[in-house]
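Residue-level listing of the chains:
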Amino acid sequence: MNTYLFIYYLIQFCGHSWIFTNMIIRFLSFGKDSLADTFYSIGLVMRLCQSLSILELLHILVGIEENRFLPRFVQITERIIILFVVITSQEEVQGKYIVCVLFFLWNLLDVVRYTYCMLSVSGTYYGALTWLNYTLWIPVYPLSILAKAFAIYESLPYFESFGTYSIKLPFPVALSIYFPYILKLYLAMLFVGKIFISCEQDLNAIVLEFTSLRRQKSNQ
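Structure report, in brief. (Residues numbered from 1 in each chain as written. Predicted model: local features only at pLDDT ≥ 70, side-chain atom pairs only at ≥ 80, totals over all residues. Heavy atoms only, no water.)

**Points about the environment of L5**
Along the chain, the position of L5 falls in helix α1 (residues 2–30). C-alpha of L5 to C-alpha of E56: the two residues are 51 residues apart in sequence and 9.8 Å apart in space. Ignoring any residue separated from it by four or fewer positions in sequence, one finds L5 in contact with H59, I64 and V121. (Helix = DSSP H or I, 4+ residues; strand = E, 2+ residues; numbered from the N terminus. Contact = heavy atoms within 4.5 Å.)

Shown next as structure tokens:
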């Protein structure tokens, strides 16, 4: 199983590293002009990486990955909804600057996390990387929540204008589902979920960091 996990983390590391490097190079080369077409240049790889991350829920369920299921489930679900439902479905949103900001924050966290996971599976531990893995999310994760909320806010006028995902069920049900209302409800849930996940991650980070330090000492 360690070999499988190493290959999985390696694939994710390569994907997110490519996205992160591509974004930086494009910004240094083209400046602000590169922000508007971020989705068009890296969107496919981003969707592949996020789709592949669903496997991590299976890893937790079968016990081959140490993590808390519910916080991870919420995080993956949030990303899938934002990426596939909010951004991919609305071409007008894809060119917004907030998409670039959101992708940058996601990949900054993921490059560090998958590097740490890949090395830890192989039994290699670095104190600086361990510290970065368990502390970087503290400032970045709240920023990503704000970026997700702003992306939803930016998408609302387009969902209202085009009626995407809004449906009206025929008689005798006579029920209308107005998707912008669902997005507004989801906005409130984002901040509630953020508080819950932060508390869970605080506890998880303390436990996992303590475990990693004990492993490092035992290997010395």
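Here the narrative resumes.
**A few points about unusual backbone geometry**
At Y165, a residue that is not glycine, the phi angle is positive and equals roughly 70°. Along the chain, the position of Y165 falls in the loop between α9 (137–162) and β1 (167–168).

**Topic: helix α8 (residues 127–135)**
Those residues of α8 that fall on the buried side of the exposure criterion are L129, T130, N133 and Y134. One side of α8 holds all its buried residues, which, seen down the axis, span an arc of 125°. In α8, the exposed positions angled more than 90 degrees off the buried face are occupied by A128 and W131. (Buried < 20%, exposed > 50% of the residue type's maximum accessible area, 1.4 Å probe, protein only. Arc of directions from axis to C-beta.)

**Some words on empty space enclosed by the protein**
A complete count under the given rule lists one cavity of 30 Å³ or more for this structure. Considered as a void within the structure, the largest cavity measures approximately 50 Å³ in volume. In terms of lining residues, the largest cavity is bounded by H16, C49, Q50, S53, R72, Q75, I76, R79, D110, R113 and Y114. Mapped onto the lining of the largest cavity, the elements with two or more residues apiece are α3 (38–52), α5 (69–87) and α7 (97–121). Per-element tally for the lining of the largest cavity: the top contributor is α5, with four residues. Partitioned by chemical class, the residues of the lining of the largest cavity number three nonpolar, four polar and four charged. (1 Å grid on protein atoms, 1.4 Å probe; cavity = no way out; pocket = protein on both sides within 12 Å on 5 of 7 lines; lining within 4 Å. Points joined across faces, edges and corners; volume = space filled by probe spheres on them. Nonpolar A, V, L, I, M, F, W, Y, C, P; charged D, E, K, R; others polar.)

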